Amino acid sequence: MLTVKALLNAPQRAEAESHVTQQGSFSSSDDSLSVWQPVVTETCVSVGTEAVMIPPGALLLLPCCFSMCLAEVYVLDDSVGLGRTFDGIGGLSGGGATSRLLINYQEPYRSQILDYLFKPNFGASLHILKVEIGGDAQTTDGTEPSHMHDEKDENFFRGYEWWLMKEAKKRNPNITLIGLPWAFPGWIGHGTKWPYTFPEVTAKYVVSWVIGAKQHHDLDIDYIGIWNEKQFDAKYIKVLRGMLDRVGLVNVGIIAADGNWDISKALLLDPHLSDAVEVIGVHYPGTTTVKEALLTGKRLWSSEDYSTFNNDIGAGCWARILNQNYVNGMMTSTISWNLIASYYEDLPFGRDGLMTAEEPWSGNYVVEAPIWITAHTTQFAQPGWNYLPTVGHLAQGGSYVALTDGKGNLTVIIETMTHNHSECIRPPLPPYSVSPQTATFQLKGSFAALTELQQWHSKLDFETKKDVLFKHTDPIKVQDGHFTLKLGVDEVYTITTMFSGQKGHYPDPPISAPFPKKYFDDFDVRNPPFSEAPYFADQTGVFEYFTNLTDPGPHVFTSRQVVSQRPVTWAEDADQTISVIGDHSWQNLTVTCDIYIETVNGGVFLAARVDQGGESVRKAMGVFYWVFGNGTYKVTNDIGGKKVLAEGLSGTRPGVWHTLTLTVKGDHAFGMLNNHPLWKNVVVHQPKNGWAAIGTHSFEFAQFDNFLASWLGELSSIPVFGSGTNIIRAIHVYDLACIVQNVIDHKPKAHYFIAVDDTKNTLEDIVKGASKGLLNSSGVLFRSPPLNRTDETISLSNGGENMAKQFQLPKRIFINNIDSYSSKYIAKYLSTCAVGGSLEEDEGEEEENKVSRRDDNVEDDRFQIVGTVRSKNEKVKSFALEEYSALSRDELLRRLIECDVIVYNISEDAEVTDEATWAISALHSEMEHFGSPKMFVLVSTLMTWAMTKPADPDDPEVPLIEDDFRRKRPHPSFKEQASAEKLVLKLGKTKKSKLSTYVVAAGLQYGMGEGVFHYFFKASWLGELSSVPVFGSGTNIIPAIHVYDLACIVQNVIDHKPKAHYFIAVDDSKNTLEDIVKAILYVLGPEEVNKVSRDDAHLTQELTQTDLDQLSLNLRIEPILLRDMFNLRWVCESGIIENIDSVVEEYKQTRRLLPIKICLLGPPAAGKTSVAAHLCNHYKLHHIRVKEATEEKIKHLEEMLQQSDGENENDEALKEAQELLDSLKDSLSQRGDQLDDENVLRIIREKLNSKPCRNQGFVLDGYPITYEQAKELFFDEDMEKDPRSKLLPHNKKIIPEYIFSLDATDEFLKERVQNLPQSVAEEMHYTQDEFLQRLSTFREANTEDDTVLNYFDELEIHPEHVEVSNIDDTENRAVIEKIIEVVGGAMNYGPTQKEQAEEERKRAVERHQQLIQEAAETELIEAVEKARMTVVLEEWNKNVKEVKKQEHELLETRSIPMRHYLMKYVIPTLTQGLLECCKVKPEDPVDFLAEYFLRSSSED
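What counts, and at which threshold
Residues numbered from 1 in each chain as written. Predicted model: local features only at pLDDT ≥ 70, side-chain atom pairs only at ≥ 80, totals over all residues. Heavy atoms only, no water. Helix = DSSP H or I, 4+ residues; strand = E, 2+ residues; numbered from the N terminus. Buried < 20%, exposed > 50% of the residue type's maximum accessible area, 1.4 Å probe, protein only. Contact = heavy atoms within 4.5 Å. 1 Å grid on protein atoms, 1.4 Å probe; cavity = no way out; pocket = protein on both sides within 12 Å on 5 of 7 lines; lining within 4 Å. Points joined across faces, edges and corners; volume = space filled by probe spheres on them. Nonpolar A, V, L, I, M, F, W, Y, C, P; charged D, E, K, R; others polar. Phe/Tyr/Trp six-rings, centres within 6.5 Å; stacked < 30°, edge-to-face > 60°. Lys NZ or Arg CZ within 6 Å of the ring centre and 35° of its normal. Pairing = 2+ DSSP bridges. Core = buried A, V, L, I, M, F, W, Y, C linked by side-chain atoms within 4.5 Å. Patch = residues over 30% accessible without salt bridge, like charges linked within 9 Å, V, L, I, M, F, W, Y side chains within 5 Å. Areas by Shrake-Rupley, 256 points an atom, 1.4 Å probe, with all protein chains shown as cover. Salt bridge = Lys/Arg side-chain N within 4 Å of Asp/Glu carboxyl O. Axes fitted to C-alpha atoms, helices over the stretch in contact; angles between N-to-C directions. Disulfide = S-S within 2.5 Å. Lys, Arg positive; Asp, Glu negative; His and termini not counted. Charge placed at Lys NZ, Arg CZ, Asp CG, Glu CD. Parallel < 35°, antiparallel > 145°, perpendicular 65-115°, else oblique. Left-handed = near helix turned anticlockwise from the far one by under 90°. pLDDT = per-residue confidence, 0-100.

### Topic: the overall build of the protein chain
If you tally the helices and strands in the protein chain, you get 38 helices and 60 strands. Across the 1500 residues of the protein chain, 51% fall into the buried class. Expressed as a percentage of contacts within the protein chain between residues at least 6 apart in sequence, the contacts between residues at least 24 apart total 73%.

### Notes on empty space enclosed by the protein
Gaps between atoms show up when a probe of the same size as a water molecule is rolled over them. Tallied over the full model, the rule gives six cavities of 30 Å³ or more. One number sums up the size of the largest cavity: a volume of about 110 Å³. Counting only elements with at least two residues in the lining of the largest cavity, the list comes to strand E8 (128-133) and helix H5 (161-171). A breakdown of the residues in the lining of the largest cavity according to their chemical character gives five nonpolar, five polar and four charged. Of the pockets and cavities examined, the second largest cavity occupies roughly 60 Å³. As for the second largest cavity, its lining consists of 13 residues, and the residues nearest its centre are Ala97, Arg100, Asp141, Ala537 and Gln539.

### Looking at the packing of aromatic side chains
Tallying each qualifying case throughout the model produces 64 aromatic pairs. Here the aromatic residues Tyr116, Phe122, Tyr365, Trp372, Phe380, Trp456, Phe470 and Tyr506 are joined through ring pairs into a cluster of three or more. When the ring centre of Tyr1389 is taken as origin, the NZ or CZ atom of Lys1018, which lies over that ring, is 4.7 Å away.

### A short note on the pairing of strand E33 (residues 621-628)
For E33, the tally of buried residues reaches eight of eight residues, placing the bulk of the element in the interior. Because side chains alternate across E33, one face comprises the buried residues Met621, Val623, Tyr625 and Val627, and the other comprises Gly622, Phe624, Trp626 and Phe628, equally buried. For strand E32 (residues 603-610) and E33, the ladder comprises six bridges, and the chain directions are antiparallel. The partner of Gly603 across the bridge, within E33, is Phe628. Bridge analysis of E33 against strand E34 (residues 632-638) gives five bridges, and the strand direction is antiparallel. Bridge assignment links Tyr625 to a residue of E34, and that residue is Val635. Where E33 hands over to E34, the hairpin turn is made up of three residues, of which Gly631 adopts a positive phi near 85 degrees.

### Some words on the nonpolar core
In this structure, Phe118, Leu129, Ile224 and Leu240 are the most contacted members of the largest nonpolar core, which totals 122 residues. For Phe118, the residues in contact, after removing those within four places along its chain, are Ser125, Leu126, Leu129, Leu164, Ala168, Arg171, Asn172, Ile175 and Leu339. Counting 74 residues, the second largest nonpolar core, distinct from the first, contains Ala946, Leu985, Leu1108 and Tyr1147.

### Considering a nonpolar patch on the surface
On the surface, a nonpolar cluster with roughly 880 Å² of combined accessible area is contributed by Met1458, Tyr1461, Leu1462, Met1463, Tyr1465, Val1466, Ile1467, Leu1470, Leu1474 and Phe1493. Take the nonpolar patch: its biggest share by element is nine residues, from helix H37 (residues 1393-1480). Structurally, Val1466 is set in helix H37. Classification of Val1466 as partly exposed rests on a relative accessible area of 33%.

### Topic: the sheet that holds strand E21 (residues 437-444)
What links the strands of a sheet is backbone hydrogen bonding, and the strands pair in either a parallel or an antiparallel sense. If you trace the three strands from one edge of the open sheet to the other, you get E6-E21-E24, paired in mixed fashion. Strands with a single pairing partner mark the edges of an open sheet, and in this sheet they are strand E6 (73-77) and strand E24 (482-487). Neighbour to neighbour, the strand axes of the sheet diverge by 25 degrees on average, direction disregarded. Two strands pair when backbone bridges link them, and E21 and E24 are joined in this way by six bridges, in the antiparallel orientation. Looking at E24, one finds that Gln442 is bridged to His482.

### Brief notes about the pattern of salt bridges
Tallied over the full model, the rule gives 46 salt bridges. Residues Asp819 and Arg870 are paired through a salt bridge, measuring 3.7 Å at the closest nitrogen-oxygen approach. Of this pair, Asp819 sits in the loop between strand E45 (812-815) and helix H15 (821-831) while Arg870 sits in the loop between strand E46 (864-868) and strand E47 (882-884), placing them 51 residues apart in sequence. Notably, a salt bridge pairs Arg895 with Glu891, separated by 3.1 Å at the nearest N-O pair. With a gap of four residues between them, Arg895 and Glu891 both fall in helix H16 (residues 889-897), about one helical turn apart. Counted as one network, the salt bridges with shared partners bring together Arg812, Glu882, Glu891, Arg894, Arg895 and Glu898.

### Notes on the state of the cysteines
Within the structure shown, the criterion is met by one disulfide. Each disulfide pairs two cysteine sulfurs, and for Cys317 the partner residue is Cys424, the sulfurs being separated by 1.9 Å. Because the sign of the S-S torsion sets the handedness, a value of about 100 degrees for the bond joining Cys317 and Cys424 places this disulfide among the right-handed ones. Of this pair, Cys317 sits in helix H11 (residues 312-327) while Cys424 is found in the loop between strand E20 (410-415) and E21, placing the two residues 107 residues apart along the sequence.

### Thoughts on the sheet that holds strand E30 (residues 577-581)
One open sheet holds the seven strands; their spatial order is E27-E30-E39-E32-E33-E34-E35, and the pairing between them is antiparallel. With partners counted over all chains shown, the strands left at the sheet margins are strand E27 (537-540) and strand E35 (644-649), one partner each. Pairs of neighbouring strands in the sheet enclose a mean axial angle of 20 degrees, with direction left out of account.

### What about a negative patch on the surface?
On the surface, Asp1211, Glu1212, Glu1216, Glu1219, Asp1222 and Asp1226 cluster together into a negatively charged patch. Among the secondary structure elements, Glu1216 is positioned in helix H28 (residues 1212-1230).

### Some details on the packing of H28 against helix H29 (residues 1237-1248)
At a minimum axis separation of 10 Å, H28 and H29 run at an interaxial angle of 125 degrees. The orientation of H28 with respect to H29, classified from their angle, is oblique. Both H28 and H29 take part in a crossing whose hand is left-handed. Of the residues in H29, those in contact with Leu1220, Ser1223, Leu1224 and Ser1227 of H28 are Asn1239, Arg1242 and Ile1243. Its residues assigned to classes, the contact of H28 with H29 shows three nonpolar, three polar and one charged.

### Structural notes on the confidence of the model for the protein chain
Summing up the model confidence of the protein chain, the mean pLDDT is 85 and the portion of residues at 70 or higher is 88%. A low-confidence stretch, residues 1-71 stays under pLDDT 50, and its non-local contacts, those more than four residues away or across chains, total 101 contacts. For residues 771-809, every residue scores under 50 in pLDDT, and the model assigns this stretch 73 contacts once sequence neighbours within four places are set aside.

### Structural notes on the packing of helix H17 (residues 912-926) against helix H18 (residues 975-987)
Contact pair H17 / H18: the axes reach a minimum separation of 10 Å and the direction vectors enclose 10 degrees. The orientation of H17 with respect to H18, classified from their angle, is roughly parallel. In the crossing of H17 with H18, the sense of the turn from one axis to the other is left-handed. Contacts from Thr913, Thr917, Ile920, Ser921 and His924 in H17 reach Glu976, Gln977, Ala980, Leu983, Val984 and Leu987 in H18.

### Some details on unusual backbone geometry
Glycine aside, a negative phi is what most residues show, and trans is what most peptide bonds show. The omega torsion across Gly95 and Gly96 is -10 degrees, close enough to zero to call that bond cis. In this structure, Gly96 sits in the loop between strand E7 (88-93) and helix H4 (109-118). Of the consecutive residues Tyr1263 and Pro1264, the connecting peptide bond is found in the cis state with omega at 0 degrees. Residue position: Pro1264 is located in the loop between strand E58 (1257-1261) and helix H31 (1267-1273). Even without being glycine, Asp258 reaches a positive phi, approximately 50 degrees.

Rendered as structure tokens:
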């Protein structure tokens, strides 16, 4: 094998880099790889043990041997020289307001977050912090305030970037600080809205920021940028450089231009500009660079990159670009936008940070995978280290880089990120592949003597979702200068000599919680730590704390909007200012605020349900309540104020405080002014949810105070009677009860007692505490802390004696994996149950109320549900009080001890069994420390009985019962569950007063969204199979139970605390697998089953082996104890088959598999059929047209009769089929290929009632045409007409939900038909005569009173009229978009894996084709330009030649007189003088000739 010995020595590489125009070229032959290829004179390559010299021409063969050579051995050698200097990895705060919520975190959580970002050798350990220089304008997710709102204003304490830089510097004194403007305040440019108009003004503004950082915060800014992602201006850059130098900031470098690579060409052409710029910064380069950038010799940085959702794919993107930005693009620094996702997630680019901290009110934050991907580089290499020249791509995909400090230390970072798991948000990633591989690295130079290296490993596991992140594994032994790694896909390795690595860790932060449902801020902060009030996220304008010195009353401290002119913007700001707050999911809301208009023409607003912010703020919708200084008000549906819902007189004026109250509930909004109704019942259909907000009508000064947002139903203001200064002595009702208890027990000598607590609060204080709810502006709790849930007693003291009274608190139940099928519905059921609810008899309860477990008006007696979830990304369940994810064992045990009841469900997931056994063991060991008794319930599976022999061998139909527990035998795959059952029962026998244990062995669970039976439901509902498989013989008895019935049994165990400890949970049915499947098919889909052997069953990809094991269960078993001990409210006592209709309905409703039924009507050529086809494809519906349905019916009848082959001629069904077929054919022949109404109605009705249409839905295309047809088609004979109802009897199962009438003028339709090709017109029967006849018939049928549209109107199904008027829109896209907007989202399973893969393949092909097309276009442009330049050059040369010729001729012409003079007077004398000189031969010939000419001249 050939291996590359050395490609370049150090001098050759240096020469090549410095003379790239002569010595090398920039190549990008591979779309996914761009490398710099220096050309060398010769190369040394070893063959066996001998070295040979390869001449330059032979280098053409090197690329083909690279993949062969480097597939196995990669050389790490510093003896051939070093590569570029590493400048570090960083994060970007700003662009904009991406760290907005971070400052509002309370300690210690805020410091913990900062440590994860900046603390060396702890987390991300970032080397660089880049911040936005605030410009008062929207810059992606909000605005950041400028240090100079106007030309005379300077304030270096606004915003939070100063604080962030100081905190970063505190943790890492060597961190590099960078500032970059996104926008500028409006006074920059003196009204031109362009910062380059007056470059000196803009430069002075930026330099003042740098100086202020030093003077006020002792921060040394290392680099400054120009204008983010905007056009650069060479003059401004030079002016900025000059101004920095003049004020002594010569060490502050300039990065330009924070956009694309265009500045590279300018630097090559302008040496003064080149001197001014220190670093070329580019955004989202896709890991590649350009030749001109390399030619500049400048440092190249990806000064903004990543910008991707911070899940595992985001981590993969970050891992890939951190390496390949240097491997492909020679970029020595990469900076992530953004540093931390600390802004409202529903703003643009939610969670696009290295970690997430978006809940300061709860304290929750998440250390995401990108943090640990960053650590692979930052903890083992520092700025100033050098890359080795031997870096590149791995043979089977992936890349590696190596760095050294020049002192013998080595760090190698390897990544193997696959394409689909590492796509960044931009730019598009060309296709490539990665596969597992073995890589050997050879150490040379100063590394040759190394014997051991440290190893850190991360694995993004997209299959099991069990990532390994930044794990320190066993050291690697280096043998003979070599070490070998087995590399999987989606992995990152760091191999290093450094021992500095550490995976920092803090205790888990508080659990995630939504924004408080009630929030109040009075802005009464005399010396605020930050300029902005907590949680308010400015989206246009700037809202700051303000001290109102002109108001000695209650409004001294307020929030003020301070931007008075439109900034030089970066994004498309709104024309109004706005600051949002709260929870984007808020719907019904009351917002109250005191407002102060400062200008005569001014105006302010309160808003609710604001649906958009960030770069889209200009398009924000919501409910906006405006009042103006001219005494008017307005209610609008948009921030622009164009969609007016109500308006009128308000009496508001400037210079006066007013109180606005906005209430939105359902589809209605109400407004109050100064606590009196001003407007009401304004209808608001959209949006349904959004933030609360405050704002102004324009860029103007205005003030806000006493802001309150709360759920509807809570008063916007609470009255205080009298002055409110009276002292109220009070006592908690339980404390009073305890005192009464003590009196009863002690029979004290004293006979009069005063029962009050220790507080001396005024009435106003109490009301304020209640009205402000959970949080004030500092996040402090107003109400008393809740009782400790682990202690069921309230201890009080009286007269120095400690006494206790037991008060029953709501039971707290822990359930594992509440995001899984079974546990979710058990938890959901129990969350609706009252404590002790099953102890009450419910005889005589109505059937429809049997599922109801409690009185919804009683809140305190309900079970409180907490539990673990497998996926931390899911939203908090509405039925769960708390959710936990990825807890350590110690933390999990603490959570378990907090609960009264612990339910572990191992019936679904065998992997949970180990955790369940640990949990019961840990609880058992801690039970002496319990403050109250605990109960442990293990929900197991009857698979632990699967191999049990029948109770009576002679009579296999005798069922097993609970008493047979000790002789049960588990299925081989469920032995761990059986062992867990035994352990739970064993540990419950020791101290039952402290810890009681129960086991509930459940049959196969069904109901709601379905579990193990889901495969059969899905296959039947989809209807894609002609028959549904039954595995094995299908005769095995399946013990089963509805999941809610299982939950009811668990509830009874909790309430009754029975003496028995083992229960069998099954219903009364003895159904076989085949019977269950047939019952499902009877309701949903094809009526045939297909027997599949158990050996072939594993080929069904949708089912796991565990599923197949459960479906093979054959067990006759009966629960005896359930009926004897419990009060069960059964949902499906008789089993799944007897209740199949309700079970199927549950399945559809739970999974939102609801049919979408559409009817499209309209004149011929309106586009009904093409629109219907698109809708069917979009929603996966069935297209029903009369013609196709008729053909399909005839074909079906013919096939049915052919298959009979004359047999069973007397079969009644065959006779009916033959008669119907004859009738259809006769009708078609007699009516010219058109059926009579009776047969059409019969066929269409049958189609609508078919199971596929009942399951998925349909689009009924162009039928019915008349009122009578519609009435007959949808008539329901079984529906009794309600004499009180005006509605016609109709079949609700087949009646369309959406009626769309495509409206078009006759002229339009005629023009459309005329534009059709002749062949298409004939095929569609749109020839001139046919079309006009059909159009006339349609118009006649729709001019009467009883039209088909009237029929639907009478049923309160009001048709939507859609205008078709664009002749160029041949595909009716506008019509389709309108219909989709009305209908909404699909209600099906979505695309299959095969469809997804095909769609992804199409996108990849499209991207590839696009890249090819772009490359071809570029090549064509270059060729055209080259040809043009060749022609120009030829023309130039021709012109030059002609000019020279003309000049020569001119000179020749001008020289003729002179020539004549010389020939007549000079040449003869000169000739004679030379002859005389030859004769005399004087010592000085020149003097002789001179004298001779003088004599001749005088003689003449």
